[in-house]
Amino acid sequence: MPQTQQIPQVPQSDTDLVRLAATLRALRTSGWYYEGLSWQESAEALQSTSPGTFLVRDSSDPRFLFSLSVQTERGPTSVRLHYVCGQFRLDAEPRLAPLMPLFECVVRLVEYYIEATKDSARHKEQVWVDARGHMYSHILLTTPLYKKQQLPSLQHLARLAINRATSQLPLPTLLLHYLKEYPYCH
Amino acid sequence: MGPGAMYVTITSADGHEFIIKRKYAEASETFEAMIGGPSETPENEPLRVDMKRYQSHVLQTVCTYLIYKVYYTNSTTEIPLFPIASEMSLELVDVANYLNC
């Protein structure tokens, strides 16, 4: 009679450690993650940029890991990123929180809202609200603010162009999902 | 000229020559190593770098990137995105890996 093997469960804390390490690695490669930047410094860095320019920094609130700072038509603003059950989401009003899209990586979260900006129907649905719950502006994320001391390498920029070209192959969404399910060569 | 030359000439597989300032070429670690060591180039000759594994359209983008990198690093102006045509991206990732830039 075959013996059933008990598969050990990975403790939640280990999963978190792996996921956070992966997000940190992706953010540090991105060129637009500013470790240790304060809210005031991020507002200063974004001040003279076009609306939609953004960066990710460490949150100044110890309850959160990261914040997304973005230039809007009304000036720079920041939104906290929540880490819930191994996934990241944008800060939201409590009644909307369960409906917010969740992502395993902060870079994926940012890319989702860049794509949403490009889609006119989705762009109208998503708005920033202020602390009193009033609409601040539509969510507009377009261009990362690369660090001026360390511009992205040509290798990295070429890698981004390859990734973009792959995602834009003229294939149905289902087939693209199928390709991305196993993004390896062997 | 020679080891103290201000310009570097880069030659491509299809016979084109790109002449860029040495300070831009040195934004690539590989170029820096190639032109920084002991040189057999006579004092009165410009520095030459042989890149005959690569075509001119790729090397032109490399030269533009090196100038972009030096010009915008620590600049106070808004940094434009560096455009890369998707059809060139595979060749570029190869040459950028070789040049370590």
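Residues numbered from 1 in each chain as written. Chains lettered and ligands numbered in written order. Predicted model: local features only at pLDDT ≥ 70, side-chain atom pairs only at ≥ 80, totals over all residues. Heavy atoms only, no water.

**Topic: the overall build of chain A**
Test applied: Think of it this way: any DSSP run of H or I at least four residues long counts as a helix, any run of E at least two long counts as a strand, and we number them from the N terminus. Partly exposed describes any residue whose relative accessible area lies between the buried limit of under 20% and the exposed limit of over 50%, with all areas from a 1.4 Å probe on protein chains only and scaled to the type maximum. Whether two residues are in contact is decided by their heavy atoms, any of which lying within 4.5 Å being enough. The protein chains shown are the only cover counted for residues, whose accessible areas, like all others here, come from Shrake-Rupley with a 1.4 Å probe.
When helices and strands are counted, chain A shows six helices and eight strands. Across chain A, helices and strands are ordered from the amino to the carboxyl terminus as α-β-α-β-β-β-β-α-α-β-β-β-α-α. When each of the 186 residues of chain A is scored for burial, the buried share is 37%. Long-range contacts, defined here as pairs at least 24 residues apart, represent 41% of the contacts in chain A between residues at least 6 apart. Carbon together with sulfur atoms contributes 56% to the accessible area of chain A, which is approximately 12200 Å² in total.

**Regarding the sheet that holds strand β3 (residues 47-51) of chain B**
Residues and elements named next belong to chain B. Just so we agree on the cut-off: Whether two strands pair comes down to DSSP finding at least two bridges between them. Every axis corresponds to a line fitted to the C-alpha atoms, with the helix fit spanning only the stretch in contact, and the corresponding angles, defined between N-to-C directions, vary from 0 to 180 degrees.
The strand order across the open sheet built from three strands is β2-β1-β3, with neighbouring strands paired in mixed fashion. Because the sheet does not close on itself, it has two edges, and the strands there are β2 (17-21) and β3. Neighbour-to-neighbour, the strand axes of this sheet turn through a mean angle of 25°, independent of strand direction. Sheet analysis places strand β1 (residues 7-12) next to β2, joined by five bridges and oriented antiparallel. Bridge pairing links T11 to E17 in β2.

**Regarding the nonpolar core**
Short version of the rule: Only buried residues count toward a nonpolar core. Its members are Ala, Val, Leu, Ile, Met, Phe, Trp, Tyr and Cys residues joined through side-chain atoms within 4.5 Å. Boundaries of every domain are those given by an automatic assignment or by a domain database.
With 61 residues, the main nonpolar core has A:L68, A:L90, A:V110 and B:I10 as its most contacted residues. With eight residues, helix α3 (residues 56-72) of chain B is the largest single contributor of residues to this core. Taken domain by domain, the makeup of this core includes at least three residues from each of domain 1 (13-146) and domain 2 (152-186) of chain A. A:L68 has contacts with A:F54, A:L55, A:V56, A:T77, A:S78, A:V79, A:L81, A:L90, A:V110, A:W128 and A:L141, leaving out every residue within four places of it along the chain. Formed by five residues, the second largest nonpolar core is a distinct cluster that contains A:Y34, A:L37, A:L46 and A:L145.

**Here we look at the pairing of strand β5 (residues 87-90) of chain A**
Remark: a regular strand shows side chains that alternate across the two faces of the sheet. Residue and element names in this part refer to chain A. Pairing analysis gives four bridges linking strand β4 (residues 75-84) to β5, with the strands arranged antiparallel. Pairing of L81 across the sheet is with L90, part of β5. Counted along the chain from β4 to the antiparallel partner β5, the turn is two residues long, and its residue C85 has a positive phi close to 50°.

**Considerations on the domain arrangement of chain A**
In terms of domain boundaries, chain A breaks down into domain 1 (13-146) and domain 2 (152-186). A separation of 23 Å is found between the C-alpha centroids of domain 1 of chain A and domain 2 of chain A.

**Points about helix α3 (residues 106-118) of chain A**
As a reminder of what qualifies: A helix is expected to span 1.5 Å multiplied by its residue count minus one.
Taking 1.5 Å of rise per residue, 13 residues should cover 18 Å, and α3(A) covers 19 Å from first to last C-alpha, within 8% of that figure. A:V106, A:V107, A:L109, A:V110, A:Y113, A:I114, A:A116 and A:T117 are the residues of α3(A) that are buried.

**A word on the layout of surface pockets**
All names here are of chain A. Put simply, the test is: A 1.4 Å probe that fits but cannot get out identifies a cavity on a 1 Å grid over protein atoms alone, an open set with protein on both sides within 12 Å along at least five of seven lines counts as a pocket, and a residue lines either if it has an atom within 4 Å of a point. Grid points are joined across faces, edges and corners, and a volume is the space filled by probe spheres set on the points. Lys, Arg, Asp and Glu make up the charged group, whereas Ala, Val, Leu, Ile, Met, Phe, Trp, Tyr, Cys and Pro make up the nonpolar group; the residues left over, Gly among them, are polar.
Counted as a void, the largest pocket has a volume near 2300 Å³. Lining the largest pocket are 46 residues; nearest its centre among them are R108, E111, N163, R164 and S167. For the lining of the largest pocket, the secondary structure elements donating two or more residues are α1 (12-30), α3, β8 (143-144), α5 (154-167) and α6 (173-181). Classifying every residue of the lining of the largest pocket gives 26 nonpolar, 11 polar and nine charged. Counting contributing residues per domain, the lining of the largest pocket is built from domain 1 (13-146) and domain 2 (152-186), each supplying no fewer than three.

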